[in-house]
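# Overview (structure and organization)
As a plain string of letters, each chain reads:
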Amino acid sequence: MKKGIHTALGITMVLFLLLLMQGHGFGGTYRVIKVIGEGGSGSAQFNEPFDIAADREGFLYVTDARGFSVKKIDRDGRLVLEWGKRGAGNGLFEKPAGIAVDGEGNIYVSDYDNDCIQKFSPDGEFILRWGKSGEGKGEFDSPSGIAVDSENNIYYNHRIQKFTKDGRFLAKWGKKNKVHNIKSVLSLLFPEEKPGDFYYPAKIVVGPDDRVYVSDSYNNRVQVFTKDGKYLFQWGGMGFWRGRFRVPSGIEIDHKGNVYVADYYNDRIQQFTGDGRFITKWGSEGDEPGRFKGPTGIAVETGGAIYVVDWGNHRVQVFSISE
Amino acid sequence: MMIRKSLLITSLVLLFTIATGIAVPHDLYAGAKEVTIRVDGLACPFCAYGLEKKLKKLDGAEEVNIFLNEGKATLVFKDGVSVDREEIERIVKEAGFTPKEIEIRAE
């Protein structure tokens, strides 16, 4: 009897250690370079910033959800340009959410409340708008994340929809499906649960190889697809240890193909290789520099600096990472 | 005889239908101005924005605020709008949350 208990305890311990060890890796060190916004020295101020994107010239674009605008800032956090005000017409926003920049410097913004995508020039001039509320092709139900691939095609998530840069519908994939929380915690035992389905995915990014990475927020995982929507693999699962997530939100890829994930409830950023191996993590709950209150967006600027939208602290924090 | 009976039954059914239609099936609060809803499971911007979007679509809703830390939503209605408690509960549930207390205040 005692032997049985000891064996069970041993197996439990081994499983626990395996869970903790999963994703173990050795990363570089990070440090805060700057805090932009509330409490920070940068001149730009935010009211519930939600997402961020970098262009090739080193400018950053931030959706200011409660400010009904897009803010363009330079590397030092100075406000260069702001456009938009509250409304439902062209160039107006009710809740600007996801943001992405294409290879020509044009800006795409999804509007969560107006169920549309708008396209702007780098100077904030309105170019195009498409989408309406609904479930059909080219229709949206609270769009949040948005991304652009090497051919300037646009991806929007919730389910995933793909469009040309002119808003012409190309493809869609995925459906709403929840991974049970227990299976998510024990993803070592259930590694490929409900592949290709999503439960409130927040953000999306396209890698240098045109693979599409989706933060499947309430399934607590990252899923990876080809640009045509073929499921490739996933990683994560619910948890607070390394490589695990509690509502992954913003997702970004650097020029080396490393993936950064804003881990909302864990108040941290995690860095992975492109195939999902854990590299490093930083951050915890708080309002001091380097801490977060719900990070929702992330961008890597051409110089390598990492910009994190710290939603609950109404600011953007800038980090460097050395190897 | 049969025709009279049929007419009587038809009339009764018609009257019952009309009466059901006239009866107020919901808790309507005329003249209510502010509503506070305690919501279970409200914790992140995605939740907050989703609920806010649905509440904004309520007839006469003028202002919607979500307080994540306090787990509550507040609504301000236009003057003269009747507030329907059941409709509010339905919308909160439809957004994926559990409504707890709903406090309705007149001006």
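Here we summarise the structure given alongside this text.

Calculation criteria
- Residues numbered from 1 in each chain as written.
- Chains lettered and ligands numbered in written order.
- Predicted model: local features only at pLDDT ≥ 70, side-chain atom pairs only at ≥ 80, totals over all residues.
- Heavy atoms only, no water.
- Helix = DSSP H or I, 4+ residues; strand = E, 2+ residues; numbered from the N terminus.
- Rg over C-alpha atoms; globule rule 2.2 N^0.38 Å.
- Buried < 20%, exposed > 50% of the residue type's maximum accessible area, 1.4 Å probe, protein only.
- Contact = heavy atoms within 4.5 Å.
- Areas by Shrake-Rupley, 256 points an atom, 1.4 Å probe, with all protein chains shown as cover.
- Lys, Arg positive; Asp, Glu negative; His and termini not counted.
- Charge placed at Lys NZ, Arg CZ, Asp CG, Glu CD.
- Arc of directions from axis to C-beta.
- Polar contact = N/O pair within 3.5 Å; in protein donor to acceptor, adjacent residues only side chain to side chain.

## Side note on the overall build of chain A
Counting its secondary structure elements, chain A contains two helices and 24 strands. At 20 Å, chain A has a C-alpha radius of gyration in line with the 20 Å of a compact globule built from 323 residues. In chain A, which comprises 323 residues, the share counted as buried stands at 57%. The contacts in chain A between residues at least 6 apart in sequence include a share of 47% that link residues at least 24 apart. With the model as given, the accessible surface of chain A reaches about 13500 Å², and the carbon-plus-sulfur share is 54%. Side-chain charges in chain A split into 42 positive and 41 negative, and the spacing between the mean points of these groups amounts to 6 Å.

## Let's talk about the side chain of A:Ser184
Residues and elements named next belong to chain A. Mapping Ser184 onto the fold places it in helix α2 (residues 181–185). With a relative accessible area of 4%, Ser184 lands in the buried category. Leave out the neighbours within four places in its chain, and Ser184 touches Val179, Asn219, Asn220, Gly237, Met238 and Arg244.

## What about helix α3 (residues 85–94) of chain B?
All names here are of chain B. Among all positions of α3, only Ile88, Ile91 and Val92 are buried. Down the axis, α3 shows its buried residues gathered within 100° of arc, on one side only. Capping the start of α3, Asp84 holds a side-chain oxygen 3.1 Å from the backbone nitrogen of Glu86, two or three residues further along. Gly96, located one to two residues past α3, shows a positive phi value of around 100°.

## Observations concerning the environment of A:Ile99
Residue and element names in this part refer to chain A. Structurally, Ile99 is set in strand β6 (residues 96–101). What makes Ile99 buried here is its relative accessible area of 4%. Sequence separation between Ile99 and Lys119 is 20 residues, and the spatial gap between their C-alpha atoms is 9.8 Å.

## Side note on the side chain of A:Gln317
Residue and element names in this part refer to chain A. Positionally, Gln317 belongs in strand β24 (residues 315–322). For Gln317, a relative accessible area of 0% corresponds to the buried category. Here the side chain of Gln317 touches Asp310 through a polar contact of 3.2 Å, side chain to side chain. Apart from the residues lying within four places of it in its own chain, the contact partners of Gln317 are Val32, Lys34, Val35, Glu288, Pro289, Gly290, Arg291, Phe292, Ile306, Tyr307, Val308 and Asp310.

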